[in-house]
Amino acid sequence: ERTGSPGKVTFDVRSDAPIDEGDIVRIVYGDKDVFVGYVFERSTNKSGVISVTAYDQTKYFNNSDTYVFENIKASDVLKRIAKDYGMTVGTIEDTAIKIPSIVEDNQTLFDIVYNALDKTVAAGDKVFVFYDDCGKLTLKSLDSMRVNLMLCEDTVGDYDYSSSIDDETYNQIVLYHDDSETKKRQYFTASSEKNINQWGLLRKTEKIDGTEGAQNLANLYLAMYNKKVRKLSVKDAF
């Protein structure tokens, strides 16, 4: 999966050697590593076959934690989490955009990183991909991941392409904050009249903890969600 799930390998092996949770699994093709991870699950039967499930380092991003950041880049959020959890880091590209405030309470590390990356995309329109590159946490922009291959009618068996406004598309963002002292509710709104006229009103409403930077956050959310969701699946590529 490109986002939100660790790399996973399952295999069966006949072995007299002990295999234990936490053992390192390395898959090599020729002289190139293609996977490095850790055993999380194993089972066996009377035939002596051991079934093993291993995950890469991003499995630990399912842990939940609480973080508060101010004026920080998404790339630095990832570096901070990696340092706190003692993880191995590889190439972490500078995401450049500084986020004024991040408050994450009991969220998974995946959510914390991807929320910061979403705000980066909304502010700078540059997509970054987070993954484990054979035992090293990696963050790269799509621009730096391009390969010299073309998918066309001669190299692809078929493809499915779709666009939708049915899910995760909003043309109005409403953020609100309840002031415990004044007992009043404050609203911060960002809208796209053009897309409201074309699609009808698609509203996302969310409660926020404070008002600092709230209007900017509403504008960032609008930039992120005020667009079609496009999906492309390629089949039988050479």
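In what follows, the accompanying structure is described.

Criteria and thresholds
- Residues numbered from 1 in each chain as written.
- Predicted model: local features only at pLDDT ≥ 70, side-chain atom pairs only at ≥ 80, totals over all residues.
- Heavy atoms only, no water.
- Salt bridge = Lys/Arg side-chain N within 4 Å of Asp/Glu carboxyl O.
- Helix = DSSP H or I, 4+ residues; strand = E, 2+ residues; numbered from the N terminus.
- Buried < 20%, exposed > 50% of the residue type's maximum accessible area, 1.4 Å probe, protein only.
- Pairing = 2+ DSSP bridges.
- Axes fitted to C-alpha atoms, helices over the stretch in contact; angles between N-to-C directions.
- Core = buried A, V, L, I, M, F, W, Y, C linked by side-chain atoms within 4.5 Å.
- Contact = heavy atoms within 4.5 Å.
- 1 Å grid on protein atoms, 1.4 Å probe; cavity = no way out; pocket = protein on both sides within 12 Å on 5 of 7 lines; lining within 4 Å.
- Points joined across faces, edges and corners; volume = space filled by probe spheres on them.
- Expected span 1.5 Å × (residues − 1).

1. Some points on the pattern of salt bridges
At step 1: Within this structure, the stated rule accounts for 10 salt bridges.
At step 2: One salt bridge in this structure joins Asp-20 and Arg-42, with 3.6 Å as the shortest N-O distance. Within this pair, whereas Asp-20 is found in the loop between strand E1 (8-14) and strand E2 (24-29), its partner Arg-42 is found in strand E3 (residues 32-44), the two being separated by 22 residues in sequence.
At step 3: The residue Asp-178 makes a salt bridge to Lys-207 at a minimum N-O spacing of 4.0 Å. In this pair, Asp-178 sits in strand E11 (residues 172-178) while Lys-207 sits in strand E13 (residues 203-207), placing the two residues 29 residues apart along the sequence.
At step 4: Residue Asp-178 is classed as partly exposed on the basis of its relative accessible area of 31%.
At step 5: Taken together, the salt bridges that share partners define one network made up of Asp-20, Glu-21 and Arg-42.

2. Let's talk about the sheet that holds E13
At step 1: Overall, mixed pairing links the 3 strands, which are arranged E12-E11-E13 in an open sheet. Strand pairing shows two members of the sheet lacking a second neighbour, strand E12 (185-191) and E13, which therefore form its edges. Each adjacent strand pair in this sheet contributes to an overall mean axis angle of 15°, direction not counted.
At step 2: In this structure, E11 lies alongside E12, joined through 7 bridges in antiparallel fashion. The residue of E12 that forms the bridge with Val-174 is Thr-189.

3. What about the nonpolar core?
At step 1: Phe-61, Val-77, Ile-81, Leu-117 and Phe-130 are the most contacted members of the largest nonpolar core, which has 24 residues in total.
At step 2: If we ignore the near neighbours within four places in the chain, the residues touching Val-77 are Phe-69, Ile-72, Ile-102, Ile-112 and Ala-116.

4. Things to note about the sheet that holds strand E9 (residues 137-141)
At step 1: Strand order in the open sheet formed by 3 strands is E6-E9-E8, and the pairing between neighbours is mixed. On the outer flanks of this sheet lie strand E6 (89-92) and strand E8 (128-132), each paired with one strand and no other. Sheet twist, expressed as the average angle between the axes of neighbouring strands with direction ignored, equals 15°.
At step 2: Judged from the 5 bridges that link them, E8 and E9 form a sheet pairing that is antiparallel. Bridge assignment links Phe-130 to a residue of E9, and that residue is Leu-139.
At step 3: The sheet strands contacting helix H1 (residues 74-84) are E6, E8 and E9, and the helix crosses E6 at an angle near 175°.

5. A few points about the layout of surface pockets
At step 1: Computed from the structure, the largest pocket encloses a volume of approximately 1,100 Å³.
At step 2: In this structure, the largest pocket is lined by 22 residues; those nearest its centre are Arg-2, Thr-3, Asp-118, Met-224 and Val-229.
At step 3: When residues of the lining of the largest pocket are traced back to their parent elements, those giving at least two are helix H2 (109-124), helix H4 (214-225) and strand E14 (229-237).
At step 4: Here the element with the most residues in the lining of the largest pocket is H2; it accounts for 5 residues.

6. Quick word on H2
At step 1: Over its 16 residues, H2 extends 22 Å from the first C-alpha to the last, a length consistent with the 22 Å expected when each residue adds 1.5 Å.
At step 2: Among all positions of H2, only Leu-109, Phe-110, Ile-112, Val-113, Tyr-114, Ala-116, Leu-117, Lys-119, Thr-120 and Ala-122 are buried.
At step 3: Along its buried surface, H2 packs onto strand E5 (64-73), H1, strand E7 (98-108), E8, E9 and H4.

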